[in-house]
Amino acid sequence: MDFRSNKRPDDMVRITTPELANAFIDEAVEAIREQVADGQVLLALSGGVDSSVCAALLIKAIGSQLVCVHVNHGLMRKNESEQVVKVFRDELGANLVYVDATDRFLDLLAGVDEPETKRKIIGGEFINVFAEEARKLQGIEFLGQGTIYPDILESERGVKAHHNVGGLPEDLNFELVEPVKLLFKDEVREVGRALGLPDGMVDRQPFPGPGLGVRCLGAITRDRLEALREADAIVREEIDAAGLNIWQYFAIVPDMRATGVRDDKRAFEWPVIIRCVNTVDAMTAEVPELDWALLKKITDRIMGEVAGVCRVCYDLSPKPIGTIEWE
Ligand code: XMP
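Residues numbered from 1 in each chain as written. Predicted model: local features only at pLDDT ≥ 70, side-chain atom pairs only at ≥ 80, totals over all residues. Heavy atoms only, no water.

*Asks:* Quick rundown of the packing of aromatic side chains? Include the residues and the values.
*Replies:* Within the structure shown, the criterion is met by two aromatic pairs. Aromatic pair F126 and F130: ring centres 6.5 Å apart, planes at 5°, arrangement stacked. In this pair, F126 and F130 are both assigned in helix α5 (residues 115–136), four residues apart and thus about one turn of the helix distant. With relative accessibility at 0%, the residue F130 sits in the buried group. Here R77 stacks its cationic end above the ring of F207, 4.0 Å away from the centre of that ring. Against the face of F250 rests R215, its NZ or CZ located 3.6 Å from the ring centre. (Phe/Tyr/Trp six-rings, centres within 6.5 Å; stacked < 30°, edge-to-face > 60°. Helix = DSSP H or I, 4+ residues; strand = E, 2+ residues; numbered from the N terminus. Buried < 20%, exposed > 50% of the residue type's maximum accessible area, 1.4 Å probe, protein only. Lys NZ or Arg CZ within 6 Å of the ring centre and 35° of its normal.)

*Asks:* Describe the nonpolar core, naming the residues involved and giving the relevant values.
*Replies:* L42, I239 and I302 are the most contacted members of the largest nonpolar core, which has 51 residues in total. Top contributing element to this core by residue count: helix α9 (residues 222–241), with seven residues. The contacts of I302, once residues within four sequence positions are left out, are A231, I234, V235, V272, V309 and V312. V87, V180, V191 and M201 belong to the second-largest nonpolar core, a separate cluster that totals 40 residues. (Core = buried A, V, L, I, M, F, W, Y, C linked by side-chain atoms within 4.5 Å. Contact = heavy atoms within 4.5 Å.)

*Asks:* Please set out the packing of helix α1 (residues 18–36) against helix α7 (residues 185–194) residue by residue, giving values where relevant.
*Replies:* Running from amino to carboxyl end, α1 crosses α7 at an angle of 85°, the nearest separation of the two axes being 9 Å. Compared by their axis directions, α1 and α7 come out roughly perpendicular. Each of P18, A21, N22, F24 and I25 in α1 lies in contact with α7, whose residues at this interface are E190, V191 and A194. Each residue belonging to the contact of α1 with α7 can be placed in one class, and the counts come to six nonpolar, one polar and one charged. (Axes fitted to C-alpha atoms, helices over the stretch in contact; angles between N-to-C directions. Parallel < 35°, antiparallel > 145°, perpendicular 65-115°, else oblique. Nonpolar A, V, L, I, M, F, W, Y, C, P; charged D, E, K, R; others polar.)

*Asks:* How would you sum up the sheet that holds strand β1 (residues 41–44)? Please name residues and give values.
*Replies:* Two orientations exist for strands paired in a sheet by backbone hydrogen bonds: parallel and antiparallel. Pairing is parallel in the open sheet, where five strands are placed in the order β3-β2-β1-β4-β5. Sheet topology places β3 (95–100) and β5 (175–177) at the edges, where each strand pairs with a single neighbour. Strand-to-strand twist in this sheet, taken as the mean axis angle between neighbours without regard to direction, amounts to 25°. Bridge count between strand β4 (residues 142–144) and β5: three bridges; the pairing is parallel. What sits directly across from L143, in β5, is L176. The strands that helix α3 (residues 80–91) touches are β2 (66–72) and β3; relative to β3, the one it contacts most, it runs at about 165°. (Pairing = 2+ DSSP bridges.)

*Asks:* Pulling in residues and values, what's your account of a negative patch on the surface?
*Replies:* Negative charge collects at one region of the surface, where D26, E27, E30 and E34 lie side by side. Relative to the helices and strands, E34 is located in helix α1. Relative accessible area serves as the criterion here: at 66%, E34 is assigned to the exposed category. (Patch = residues over 30% accessible without salt bridge, like charges linked within 9 Å, V, L, I, M, F, W, Y side chains within 5 Å. Areas by Shrake-Rupley, 256 points an atom, 1.4 Å probe, with all protein chains shown as cover. Salt bridge = Lys/Arg side-chain N within 4 Å of Asp/Glu carboxyl O. Lys, Arg positive; Asp, Glu negative; His and termini not counted. Charge placed at Lys NZ, Arg CZ, Asp CG, Glu CD.)

*Asks:* Break down the environment of G74 for me, citing the residues and quoting the values.
*Replies:* With respect to the helices, strands and loops of the structure, G74 is situated in the loop between β2 and α3. In this structure G74 comes out as buried when scored by relative accessible area, which is 5%. As a C-alpha pair, G74 and L217 span 143 residues in sequence and 15 Å in three-dimensional space. Not counting the four nearest positions on each side in its chain, G74 is found in contact with T102, L225 and R229.

*Asks:* I'd love a proper account of the pairing of strand β6 (residues 248–252), names of residues and values included.
*Replies:* When a strand is regular, its side chains alternate between the sheet's two faces. The element β6 is largely enclosed, with a buried count of five among its five residues. As judged from the five bridges shared by β6 and strand β8 (residues 265–277), these two strands associate in the antiparallel manner. Bridge pairing links F250 to R275 in β8.

*Asks:* Describe the site of the ligand, with residues and values.
*Replies:* Taken together, the residues surrounding the ligand are R119, P206, P208, G209, P210, W247, Q248, A282, K319, T323, I324 and E325. Within the side chain of R119, one N or O atom sits 2.7 Å away from an oxygen atom of the ligand. Here K319 contributes a side-chain N or O atom positioned 2.6 Å from an oxygen atom of the ligand. Expressed as a share of its isolated accessible area of 500 Å², the protein-covered part of the ligand is 68%. (Near = heavy atom within 4 Å. Polar contact = N/O pair within 3.5 Å; in protein donor to acceptor, adjacent residues only side chain to side chain.)

*Asks:* Can you tell me about the pairing of β2, naming the residues and giving the values?
*Replies:* A large share of β2 lies buried, amounting to seven of its seven residues. Residues L66, C68, H70 and N72 of β2 are buried on one face, and the alternating residues V67, V69 and V71, pointing to the opposite face, are buried as well. Inspection of the sheet shows β1 paired to β2 by four bridges, in the parallel sense. Directly across from L43, in β2, lies its bridge partner C68. In terms of handedness, the path from β1 via helix α2 (residues 49–62) over to β2 forms a crossover that is right-handed. Direction of pairing for β2 relative to β3: parallel, over a ladder of six bridges. (Right-handed = clockwise from strand over helix to strand, strands pointing away.)

*Asks:* So what's going on with the side chain of K118? Which residues, and what values?
*Replies:* Here K118 lies in helix α5. Here K118 falls in the buried class, since its relative accessible area comes to 0%. Residues contacting K118, with those up to four places away along its chain left out, are L109, V112, D113, G213, C216, L217, G218, I220 and E327.

Right, dumping it as structure tokens:
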């Protein structure tokens, strides 16, 4: 197998079973060892499917020659960073650097309400934090990346310039190690399962790089971000418990308040918007008809458990015209 090639061989069998996944893993482990020899590899581990599977493969191949850096930008979903540490450091024995950069990100984002500016700040600061950590480590020559085949195809077609850790400063000139580069997403998941990653990680729904930052609309404040994180956890918990097969489901908290009444007193609190979509490629999306009892249960839980929220709404907009994310 040649990870340096960008072309999936025509006769490459689609990985659909644990046996095929194990055969891929054996080959990939060998190829990684050949490329890296006794060198060290650095990897930005977000906890998303691609970087997690890439990390698990590298750990199997080269163990402590891999250094994972998990940057918590403060915009992760509830318990997400904790799970990354638990799975990779505690269970897989990874050499993991955990950086809590919450204050850095939230301080930079304070008062910024323009969505594209927020994205740029989050992306730029991510690179700053990662580059700082990389410079603290000596003698690393390789950068692991969870690039997958659709990323390659999209870059080639000019749809998006794909750089998982794009734009690293020039002094950080690593050779790339991209062991899942020729795989489609379903194959990456199959490989992740065969590597023993938990279902919650392997079947994770897509989550934007800027995280909850693009769902805490307008200028982010810590209290509203906390309300969003709690409401989002409830939405995901209840939809998971109902056993529904929905492509993406999450919560949004806009930067506005509505009047309510709580304990006989006037309340002036945020609304939570529930967003659920089904799609094949995220270019168009439909809104599933959720069971009324489920919507009521989610509503009751959010209003009862999340401080500062007095309303819950369900977004009925298909894409187009509404995009999946609100920002
Ligand atoms: P939209 O909102 O464009 O979203 O309909 C389509 C899909 O892309 C995800 N998304 C992002 N993913 N960085 C990402 O990594 C981003 O800035 C970003 N914005 C949107 C979104 O969650 C949906 O799955």
